[in-house]
Amino acid sequence: MTYVFAFDHAHDRPPREAKDLLGGKGANLAEMTSVLKLPVPPGFTISTEACRAYVRSGWPDGLEDEIAQHVAELEKHRGQTLGDRDDPLLVSVRSGAKFSMPGMMDTVLDLGLNDETVAGLAQRTDPRFAYDSYRRFVMMYSRVVLGVADDFEERFEGAKALAGVRDDASVPPTVLQLVVNTYKDLVLERTGKPFPQDPQEQLRGAVEAVFRSWSNPRAVAYRNREHIAHDLGTAVNVQAMVFGNRDERSGTGVAFTREPATGASGAYGDFLVNAQGEDVVAGIRTTLPISALADVFPTVHAELVGYLDRLEEHYRDMCDVEFTIEQGKLWMLQTRVGKRSGAAALRLAVAMTNDDRIALSRTEALARVRPEHVDQVLHPRFEGAGDPIAKGLAASPGGAVGNAYFTADDALAASERGEDVILVRVETSPDDVRGMQVSKGILTTRGGLVSHAAVVARGWGIPAVVGAESIVIAGKNFSVDGLTVREGQTISIDGTTGTVMLGALELVDASPPAEFDTIMEWADEVRQDRIAIRANADTGPDAARARQWGATGIGLCRTEHMFLGERLPYVQKMILATDPEDEVAALDALAELQRSDFVEILEAMDGLPVTVRLLDPPLHEFLPGIEEIVAAETKGVRGEEAKLVAAARLWQEENPMLGTRGVRLGIVKDGLYRMQARALAEAVVERVIAGGSPTVEIMIPLVVDRAELDLVRRWVSEEVDSVLGAAGVSGEIHIGTMIETPRAALLASEIAKAADFFSFGTNDLTQMTFGFSRDDVEGRMMSTYLEQSLLDRDPFDTIDRRGVGQLVRMGTETGRAANPNLLVGVCGEHGGDPESIALFVELGLDYVSCSPFRVPVARLAAAHALLEADGETDVGA
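Keep in mind that this is a model prediction, so the values were computed, not measured. (Residues numbered from 1 in each chain as written. Predicted model: local features only at pLDDT ≥ 70, side-chain atom pairs only at ≥ 80, totals over all residues. Heavy atoms only, no water.)

### Structural notes on the overall build of the protein
Scanning the protein from N- to C-terminus turns up 35 helices and 31 strands. Projected onto its principal axes, the C-alpha positions of the protein cover 105 × 65 × 50 Å. Every one of the 877 residues in the protein was classed for burial, and the buried ones make up 56%. Looking at the protein alone, contacts between residues at least 24 apart form 69% of all its contacts between residues at least 6 apart. As presented, the protein carries roughly 35,200 Å² of accessible surface, and 48% of it is formed by carbon and sulfur atoms. With 87 positive and 133 negative side-chain charges, the protein shows a separation of 2 Å between the mean positions of the two kinds. (Helix = DSSP H or I, 4+ residues; strand = E, 2+ residues; numbered from the N terminus. Buried < 20%, exposed > 50% of the residue type's maximum accessible area, 1.4 Å probe, protein only. Contact = heavy atoms within 4.5 Å. Areas by Shrake-Rupley, 256 points an atom, 1.4 Å probe, with all protein chains shown as cover. Lys, Arg positive; Asp, Glu negative; His and termini not counted. Charge placed at Lys NZ, Arg CZ, Asp CG, Glu CD.)

Below you can see the structure in the form of structure tokens.
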């Protein structure tokens, strides 16, 4: 097996299509080298197959010989030799997985330097440059390969202070040599071995370190967050070094072909003079905008803009690039399709259908917009501007309010306590990922628009402000202009304007860009009548909001939510009733309240189907809890309070999820479901008289046998027919059930004969299939199961295809075989999850139902699934 490929290797397909073998970085380096003929420093890629072999059983046989062969070819190409005392070849060693994982894995630059080669490099070039490069190499190699944990940058800052200089480029060579010696002494102290001087040993160590970094905690956490498979492995790219830190005629930067936060046209990004690439993305120095490159290096700027145009036209998408300028010559170090905010994704997709150079089709444009992009533009924003206490760069749009925490661990702990968190850092690093992903917003005092914090926040849709240089962090507080903000204090950040405010600003609903409606229209054209998107809504305002976001009905209206708050006493009167007359009176009072609720919902959804689920939870949820019971019994209570406590004892259950709830409760309290059916029928009559067109479906929950459904259906039909008949209103109310137990799915062919529709309640179906209580396992064990690969995914986030998905498949197929007119949908939380929707499309379900704010996401996800099923475009790329 061949493990190593030169950038100019003749592949049997376009290199950019070989990301599974070469990784994203290697594939694009090969594309720029062999297809576009751009100025790329030569090098080679060690494939993902080598990494997978290494992870399985250690260093692969034959790999060392292949690397040596390619190093020899690289030496011949450059006219330099790795380890040569007079003119050493130096290389970078970078990771590059199939899917972009910014900053999650390891990189080593300037490899090949040692005590002898640095002297030769100093003689050929410039002592300051040579020893600055050696300093960087020893620092990176010590951290990445040797595992020496130390704040090397802090030591370097101390040396700068002693030298009386502020910027890296002004540190004299003698001081740099002292810093290097300090670093090497530290390595000897921490490892018991001297810093390695053999370049071949350095190279193997760096390659192994990159392989190992595939499995480091931050990379695993990132893949879990992004749902990237853990068995892909990473490629390793070994590339001849070019030096942006050579002198004042050199520099480095990151550029986008268009603005990644808004999608606006024109080159965009950051650069630094006399620096290496890590300086830009790490936020160590304050960057300059790409537009300023025209003033500093006008020829290079024109050349770069030309390359950006070529790349965008070639890839037919917004690209980002890393580049280095060495003594006036431009080198392209990397390109990829650029990460973007949700607003930018929508704007770019529509704009590129009208761009003659790119000419995307509508299906291609739809594929470019991911469900998470749509989700991002629905983020709330601030009502009013507030009074900024600081301003930075607007790195990721949206408003966020939370309590300030200054480490990832503290942010994570606060989030687990239920707090909203703003993570405040000098700059973030890959080690901060666990804290970043639980934060409502991210604020850094250093870094540019392509820093780690900015890139990750945009990708995850987390509002972020970076480079707020007026803020000074000291321990667990920060100060700005005499004001101190302490840990746990509430701040607001605006990732759209770059402002930071003290206290909690009011958040209001988002205003998606105009292109949002265009993309949604295109998605609906793909869906047409093949799968409907309904919403879970329990009130008139929720129903109206769902319709605003494009819902074509309500798939789940939970009636228990209508019994809470000020209405709770009416429910308790029904529970406490000691004779039929008292119970009927209590139910009649509830019926009037229910009717008004139903009227409001049916009006908001006029002409569209509304599925109303009859009461589902057990009665103890409307009574005092166990702690209240014990407290009341301890102090002694009388009268109505004593009756409530006694009723709570009577209805208390050991396992309520499996107890007297759903249809079981309806059968025990037969007047309850009759009351709800009557109230709903009365609401239908009222809407018809008002000129409306109500369409109603009544859902009977937790049925496990046809006999249950037959019995309750008869009661419901009697009440509905009585009310509609008395009013002289014609119309049909459909009656069906929620399939939420494994037995119901297994007996679907029998139950379907008594049902007009099935609605799969995948929340409970998942709990009962796994034997998991969501409330208990999510916090206590789910993360452990995912980290140890005992589960591929959290089954409450994305449906378990092998288990729960098979029950949905079986229930749908056997139910429709018994009742060809059976309507089938899903109303659990999976109805808003794109991956789950793909399965539901595959199974041919009639609709999915989700929360109102997830409706646009579901509309797009359903269109993606249909396009992929039709083979029109690969929306999973």
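### So, helix H3 (residues 63-78)
The end-to-end C-alpha distance of H3, which contains 16 residues, comes to 22 Å, matching closely the 22 Å that a straight helix rising 1.5 Å per residue would cover. On its buried face, H3 sits against strand E1 (4-6), strand E2 (43-46), helix H2 (48-57), strand E3 (91-97), helix H8 (199-213) and strand E5 (234-240). Directly beyond the C-terminal end of H3, a positive phi value near 70 degrees is found at Gly79. (Expected span 1.5 Å × (residues − 1).)

### Side note on the pairing of strand E22 (residues 499-502)
Relative to E22, strand E12 (residues 388-391) is paired through three bridges, and the arrangement is antiparallel. Within the sheet, the bridge partner assigned to Pro388 lies in E22 and is Met501. Sheet topology places strand E21 (residues 490-494) next to E22; four bridges connect them, and they run antiparallel. Bridge assignment links Ser492 to a residue of E22, and that residue is Met501. As consecutive antiparallel partners, E21 and E22 are separated by four residues, and within that stretch Gly498 has a phi angle of approximately 85 degrees, a positive value. (Pairing = 2+ DSSP bridges.)

### Let's talk about the packing of aromatic side chains
Under the defined criterion, the tally for this structure stands at 11 aromatic pairs. With a centroid separation of 5.2 Å and 40 degrees between ring planes, the pair formed by Tyr54 and Phe211 is classed as tilted. With Tyr54 in helix H2 and Phe211 in helix H8, the pair connects residues that are 157 residues apart, well separated along the chain. The same class applies to Tyr54 and to Phe211, which are both buried. (Phe/Tyr/Trp six-rings, centres within 6.5 Å; stacked < 30°, edge-to-face > 60°.)

### Quick notes on the sheet that holds strand E10 (residues 329-337)
In spatial order, the strands read E8-E7-E6-E9-E10; together these five strands make up an open sheet with antiparallel pairing. With one partner strand each, in any of the chains shown, strand E8 (288-289) and E10 form the two edges of the open sheet.

### Regarding the sheet that holds strand E20 (residues 483-486)
The antiparallel open sheet is built from three strands, whose spatial order is E18-E19-E20. Looking along the sheet, the strands with just one partner apiece sit at the ends: strand E18 (472-474) and E20. Neighbour-to-neighbour, the strand axes of the sheet open up by a mean angle of 25 degrees, direction not taken into account. Here E18 runs beside strand E19 (residues 477-480); their pairing, made up of three bridges, is antiparallel. Its bridge partner lying in E19, Ile473 is registered against Phe478. (Axes fitted to C-alpha atoms, helices over the stretch in contact; angles between N-to-C directions.)

### Considerations on the nonpolar core
Grouped together as the largest cluster of nonpolar side chains are 120 residues, with contacts concentrated most on Ile519, Ile698, Ile700 and Phe758. Apart from the residues within four sequence positions on either side, Ile700 is in contact with Leu614, Val663, Tyr673, Leu709, Val712, Arg713, Ile735, Gly736, Thr737 and Met738. (Core = buried A, V, L, I, M, F, W, Y, C linked by side-chain atoms within 4.5 Å.)

### Quick look at the side chain of Arg661
Assignment of secondary structure puts Arg661 in the loop between helix H24 (639-651) and helix H25 (663-668). Residue Arg661 is classed as buried on the basis of its relative accessible area of 4%. In this structure the side chain of Arg661 is engaged in a polar contact, spanning 2.9 Å, whose partner is the side chain of Asp616. (Polar contact = N/O pair within 3.5 Å; in protein donor to acceptor, adjacent residues only side chain to side chain.)

### Digging into the pairing of E21
In terms of residue burial, E21 counts as a mostly covered element, since four of its five residues are buried. Bridging between strand E14 (residues 399-405) and E21 involves five bridges; their strand directions are antiparallel. Looking at the pairing, Asn403 lines up with Thr490 of E21.

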